[in-house]
Amino acid sequence: MGPDGSVLSVLDLSRLEGVPFTKMTGSGNDFVVFDARTTPTDLVTQPQVIASICNRNNGIGADGVVLLEPSPAEAPAAPIRLRYFNRDGSLGELCGNATLCSTALSVQLGLAESSEVRLQTDAGLVTARRLGNDPEIDIAPVRDIRGDLRASLASLASTAEQLGFALVGVPHVVVLLSDREALDAVAVANEGPPIRQHESLGPAGANVNWVAPDGRGGWAYRTFERGVEGETLACGTGAIACAILLTRWGLASGAVTLETRSGRAVHVRLAPADDASADLSSAVRPSLAGEGRVVFVGQIGRLAVDR
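Conventions adopted
- Residues numbered from 1 in each chain as written.
- Predicted model: local features only at pLDDT ≥ 70, side-chain atom pairs only at ≥ 80, totals over all residues.
- Heavy atoms only, no water.
- Helix = DSSP H or I, 4+ residues; strand = E, 2+ residues; numbered from the N terminus.
- Rg over C-alpha atoms; globule rule 2.2 N^0.38 Å.
- Buried < 20%, exposed > 50% of the residue type's maximum accessible area, 1.4 Å probe, protein only.
- Contact = heavy atoms within 4.5 Å.
- Lys, Arg positive; Asp, Glu negative; His and termini not counted.
- Charge placed at Lys NZ, Arg CZ, Asp CG, Glu CD.
- Phe/Tyr/Trp six-rings, centres within 6.5 Å; stacked < 30°, edge-to-face > 60°.
- Pairing = 2+ DSSP bridges.
- Polar contact = N/O pair within 3.5 Å; in protein donor to acceptor, adjacent residues only side chain to side chain.
- Expected span 1.5 Å × (residues − 1).

## Some words on the overall build of the chain
1) Next: When its secondary structure is counted, the chain shows eight helices and 18 strands.
2) Next: What you see for the chain is a C-alpha radius of gyration of 19 Å, in line with the 19 Å of a compact globule of 307 residues.
3) Next: Along the longest, intermediate and shortest principal axes, the C-alpha atoms of the chain span 55 × 40 × 35 Å.
4) Next: Each of the 307 residues in the chain was classed as buried or not, and the buried ones make up 53%.
5) Next: In the chain, the proportion of contacts linking residues at least 24 apart, taken out of those at least 6 apart, comes to 60%.
6) Next: Separation between the mean location of the 26 positive side-chain charges and that of the 35 negative ones in the chain comes to 2 Å.

## Considering the packing of aromatic side chains
Two aromatic rings are characterised by how far apart their centres lie and by the angle between their planes.
1) Next: A complete count under the given rule lists two aromatic pairs for this structure.
2) Next: Between the aromatic rings of Phe21 and Phe296, the centroid separation amounts to 6.0 Å while the plane-to-plane angle is 80 degrees, which identifies the pairing as edge-to-face. Highlighted residues: Phe21 in strand 1 (residues 20-26) and Phe296 in strand 18 (residues 293-299), separated in sequence by 275 residues.
3) Next: Centre to centre, the rings of Phe31 and Tyr84 are 5.8 Å apart; their planes meet at 85 degrees, and the pair counts as edge-to-face.

## Some details on the pairing of strand 6 (residues 117-121)
1) Next: Only one face of strand 6 is buried, namely the one carrying Val117, Leu119 and Thr121, since none of Arg118 and Gln120 on the opposite face is buried.
2) Next: In this structure, strand 4 (residues 80-86) lies alongside strand 6, joined through two bridges in parallel fashion. Within strand 6, the residue paired with Ile80 across the bridge is Leu119.
3) Next: Judged from the five bridges that link them, strand 6 and strand 7 (residues 124-131) form a sheet pairing that is antiparallel. By the bridge assignment for strand 7, Gln120 is matched with Leu125.
4) Next: Linking strand 6 back to strand 7 in an antiparallel pair, the connection comprises two residues.

## A few points about unusual backbone geometry
1) Next: Phi at Ser27 is positive, roughly 60 degrees, even though this residue is not glycine.
2) Next: Within the fold, Ser27 resides in the loop between strand 1 and strand 2 (29-35).
3) Next: Non-glycine residue Glu229 carries a positive phi angle of around 60 degrees.
4) Next: Relative to the helices and strands, Glu229 resides in the loop between strand 13 (219-225) and strand 14 (230-232).

## A closer look at the side chain of Asn29
1) Next: Its location among the elements puts Asn29 in strand 2.
2) Next: A distance of 2.8 Å separates a polar atom in the side chain of Asn29 from a polar atom in the side chain of Asp63.
3) Next: Once you skip the residues sitting within four places of it in the chain, Asn29 turns out to touch Met24, Asp63, Cys95, Asn97, Glu225, Thr232, Leu233, Ala234 and Cys235.

## Observations regarding helix 4 (residues 96-108)
1) Next: Counted at 1.5 Å a residue, the expected span for helix 4 with its 13 residues is 18 Å, and the 19 Å between its end C-alpha atoms agrees.
2) Next: The buried count for helix 4 comes to 11 of 13 residues, which makes it a mostly enclosed element.
3) Next: Of the positions making up helix 4, those classed as buried are Gly96, Asn97, Ala98, Thr99, Leu100, Cys101, Ser102, Thr103, Ala104, Leu105 and Ser106.
4) Next: Looking one or two residues beyond helix 4, the residue adopting positive phi is Gly110, at roughly 80 degrees.

## Observations concerning the pairing of strand 17 (residues 284-289)
1) Next: Burial runs high along strand 17: five of the six residues are buried.
2) Next: Across three bridges, the pairing between strand 8 (residues 134-138) and strand 17 is antiparallel. Paired with Glu136 across the two strands is Ala289, which belongs to strand 17.
3) Next: As defined by bridge partners, strand 16 (residues 265-272) adjoins strand 17 across six bridges and the pair is classed as antiparallel. Pairing of His267 across the sheet is with Ala289, part of strand 17.

Just geometry here; none of it tells us what the structure is for.
Next comes the structure, spelled out in structure tokens:
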């Protein structure tokens, strides 16, 4: 819909013809990224337009849309503002893989130095850097961690060894399974929605992650993602939530490597928050490293609003 509630017209959409974009992926979690300096942001942030851009049959195809723009004057510490929109057009406060991609692209575009990238997100300030070919981001401390949700959610995850929650900019439920076979057997499309929308998680619900030993001494996970309303090949904040809960449950320590559904790995480091104890028993400050890769660059042609 347009700002006045009217259906977007062909003339409105013609404003996007020729607009440049960058298609990026973070371990299979893919995005269309726009430089706001060359993009009509009032148009590209409208839910119907985002859904059309992300459509994998009639659009560019992506899990979400990212806007990189100068930060407002009240956020001088971060010269770059990152706004992330889910595939359904809803605003996402934070997306780990989108932030990894934005870090890499900010350096490539000359918006930041590789040694330090500072991004203002709707979940707060993110500091980042390039580590060799891959970016790494540091997000705000995670304080809302609940190690046992079995009382409220066990009936929806009968095979769970443990059930927990972490608010990593966005809310995440973590379901621990016994082994890789159990993880591969999860019917994510069917099992995700009842947990994602459970009343105990509040009106906004939560993302849902299943995690299990990968059989090689590490971990693998799968995610049902809000806003996409389906499984994504990777979820950066979901990986962080898994690492936090695995550590809380005494199953992991130090750096945690997790295999995404695409087969690529992401790496999570946890440090005590400034006011937390050194054993990570309270709030933690996470860092996430992983892929942030340009797939292709292009210009929008003729875009039609999905009906």
